[in-house]
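A look at the structure
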Amino acid sequence: MMRRITLIVPLAIFVTFVIVAILGLQRPGERPVTSAMIGETIPDFDLPGANAANPGLAASDLKQGTVTLVNLFGSWCIPCRIEAPELARLADAGITIHAIAVRDTPENVAAFLEEYGDPFARIGMDAGGRMSIELGATGVPETFLVDGDGVVRAQWIGQIRPDQVDEIRAAVAAAG
Amino acid sequence: MKRLSIILLAMMMSAFAEAPLPDPAEERAAQALFQELRCLVCQGQSIAESDAELAADMRALVRERIAAGEAPLDVRNYLVRRYGDWVTFSPPARGTHLILWAAPLLLVLIGGIAALRMFRRPAS
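The structure contained in this document is the topic of the report that follows. The structure displayed is predicted, hence computed values, not measured ones.

Calculation rules
- Residues numbered from 1 in each chain as written.
- Chains lettered and ligands numbered in written order.
- Predicted model: local features only at pLDDT ≥ 70, side-chain atom pairs only at ≥ 80, totals over all residues.
- Helix = DSSP H or I, 4+ residues; strand = E, 2+ residues; numbered from the N terminus.
- Rg over C-alpha atoms; globule rule 2.2 N^0.38 Å.
- Buried ≥ 20, exposed ≤ 12 C-beta atoms within 10 Å, placed from the backbone.
- Contact = placed C-beta atoms within 7 Å.
- Core = buried A, V, L, I, M, F, W, Y, C linked by C-beta atoms within 7 Å.
- Pairing = 2+ DSSP bridges.
- Axes fitted to C-alpha atoms, helices over the stretch in contact; angles between N-to-C directions.
- Left-handed = near helix turned anticlockwise from the far one by under 90°.
- Nonpolar A, V, L, I, M, F, W, Y, C, P; charged D, E, K, R; others polar.
- Expected span 1.5 Å × (residues − 1).
- Arc of directions from axis to C-beta.

This part covers the overall build of chain A. Along its length, chain A carries six helices and seven strands. Taken from N to C terminus, the helices and strands of chain A fall in the order α-β-β-β-α-α-β-α-β-α-β-β-α. Relative to the compact-globule value of 16 Å for 176 residues, chain A shows a C-alpha radius of gyration of 22 Å, a clear excess of over 25%. For chain A, the spread of C-alpha atoms along the principal axes amounts to about 80 × 30 × 30 Å. Among the 176 residues that make up chain A, the fraction classed as buried is 38%.

Across the boundary between the two partners, chain A contributes 22 residues, which contact 22 residues of chain B. Listing elements by their share of the side of chain A that touches chain B, those giving two or more residues are α1 (2–26) and α5 (130–135) of chain A. Per element, the largest residue contribution to the side of chain A that touches chain B is six residues, and it comes from α1 of chain A.

Here we take up the nonpolar core. Grouped together as the largest cluster of nonpolar side chains are 38 residues, with contacts concentrated most on Phe 73, Ile 97, Ala 99, Ile 100, Ala 101, Ile 123 and Val 146 of chain A. If you list the elements that add at least two residues to this core, you get β3 (68–73), α3 (84–92), β4 (96–102), α4 (106–116), β5 (123–126), α5, β6 (142–146) and α6 (165–175) of chain A. For this core, the element with the most residues is β4 of chain A, which contributes five residues. In contact with Ile 100 of chain A, other than residues within four places in its own chain, are Leu 47, Leu 57, Val 70, Leu 72, Gly 124, Asp 126 and Met 131 of chain A. Counting residues in hydrophobic clusters, the runner-up holds 17 residues, among them Leu 40, Leu 54, Val 75 and Tyr 83 of chain B.

Look at any regular strand and the pattern is simple: side chains alternate between the two faces of the sheet. All names here are of chain A. Of all seven residues making up β4, seven are buried, and the element is well covered by its neighbours. Here β4 shows two buried faces, one formed by Thr 96, His 98, Ile 100 and Val 102 and the other by Ile 97, Ala 99 and Ala 101. In terms of strand pairing, β3 meets β4 through six bridges, oriented parallel. Bridge pairing in β4 links Phe 73 to Ala 101. Judged from the four bridges that link them, β4 and β5 form a sheet pairing that is parallel.

Residues and elements named next belong to chain A. Spatially, five strands are ordered β5-β4-β3-β6-β7 in an open sheet, and the strand pairing comes out mixed. For this open sheet the edge positions go to β5 and β7 (152–157), each flanked by a neighbour on one side alone. Along the sheet, successive strands turn relative to each other by an average axial angle of 20°, direction set aside.

This paragraph deals with unusual backbone geometry. Residues and elements named next belong to chain A. Omega for the peptide link from Val 140 to Pro 141 comes to -10°, which places this bond in the cis form. The topology assignment puts Pro 141 in the loop between α5 and β6. The phi dihedral of Arg 103 is positive, around 45°, even though this residue is not glycine. Examined against the element boundaries, Arg 103 turns out to sit in the loop between β4 and α4.

What follows deals with the packing of helix α2 (residues 24–35) of chain B against helix α4 (residues 72–83) of chain B. Residues and elements named next belong to chain B. Between α2 and α4, the least distance of the axes is 10 Å, while the angle of their chain directions is 35°. Along this stretch, α2 crosses α4, giving a crossing that reads as right-handed. Of the residues in α4, those touching α2 at Ala 29, Ala 32 and Leu 33 are Pro 72, Val 75 and Arg 76. Class assignment of the residues belonging to the contact of α2 with α4 gives a composition of five nonpolar, no polar and one charged.

We now examine the packing of α3 of chain A against α6 of chain A. Residues and elements named next belong to chain A. Relative to each other, α3 and α6 sit at 35°, their axes nearing to 10 Å. In this structure, α3 meets α6 at a crossing whose hand is right-handed. Residue-level contacts link Glu 86, Arg 89 and Leu 90 of α3 to Val 165, Ile 168 and Arg 169 of α6. Across the contact of α3 with α6, the residue classes tally to three nonpolar, no polar and three charged.

It is worth spelling out the pairing of β7 of chain A at this point. All names here are of chain A. Here β6 pairs with β7 via five bridges, running antiparallel. In the sheet register, Val 146 faces β7, and the bridge partner there is Val 152. Following β6, the chain reverses through five residues before pairing antiparallel with β7; Gly 150 in that reversal takes a positive phi of roughly 85°.

Residue and element names in this part refer to chain B. The end-to-end C-alpha distance of α4, which contains 12 residues, comes to 17 Å, matching closely the 16 Å that a straight helix rising 1.5 Å per residue would cover. Turning to α4, its buried residues are Val 75, Leu 79 and Tyr 83. On an axial view of α4, the arc spanned by its buried residues comes to 60°, and they lie on one face. Among the exposed residues of α4, those oriented more than 90 degrees off its buried face are Leu 73 and Asp 74. Tucked inside the fold, the buried residues of α4 contact α2 and α3 (53–67). Positive backbone phi, at 90°, marks Gly 84, one or two positions downstream of α4.

Rendered as C-alpha cells:
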C-alpha cells in the first residue's frame, strides 16, 4: 500500500503540472498591467504648463483636499480624441480634471484642445514620458482618481467609455 | 521648415536619450538590468529588445538612475513598486512566487524518495 502511494503521489503531481503548463500555454500572453500605485501617495513631481489657461501640474496640486482625476493623454493618441466627450461630461458634473500630456509639445496640445475641447484645469507637459512610469501607467489614455491627500485610489486603462461616466462619478463621490 | 527642424531636434534628443553611459561599468549594469525588465506594452520582450516608446522611456530612466549612483536592484525595486512583480522576468522569492522557486526542489525530493524506495525493495 505504502509503495503504491509513493508511486501515485509523484505521478499525480506530475500530471497536475503538465495540465497547468498546457492550460498556461493556451492562455493569451498579453494582459493589462494595472498600476501598483493604487493605494499609494503620488510621487513628487512638477511639470511645466501647456498654456496660459492650463498652468503646470505638481504633486502639491493633488493634495489640496479635493478629489481629482488625472488624465494621461497625448495629442497624437486617437482614443484620447474619442474619450473627449466623456471627459467633458465629467468636468460639467463639477469634477476637477487635471491632465498630463505624454511625449507632446505645447503647439500640438493647443491644436488638440482647440479641436476636441478643454475639460482640464491644469495640464502638465511630460515630454520624456516619465510620469507614465511614476504612475505605473503603460499607455495613453489612462485616468487616475487621486483623493484630497494625494493618494491614488483608482485607475481606468484605455479610453473612458460612455457607460463608465456614472461609475467614475460615483467613485469620485465615494473618495470625497 | 519649422516642422523639419522640430523633427530633427526630436531625433537628436532621442539619440541622446539612447546614448550609452560614459562609464562602461555603469553601462554594463544598465544593459544587464534592461534584460530582466519586461516591456509592458509588448509583453514577451525585455526593454533591451523593444522599440516601444515606453521601453525607451524605461531605458532612459534606468540609465539615469544608475548614472546617479543607484544600485541596479534598487532601480528594479523602484519599477516593481510602480508596476508590480510582473515588470521583472525574475520574480522575487516571496509570497506566491515561492512556489516557483520551491517546486523544482520539492519535486526532485519526492521523486528521489520514490525512486529510493523502489530500488531498495527487492522484487518479489
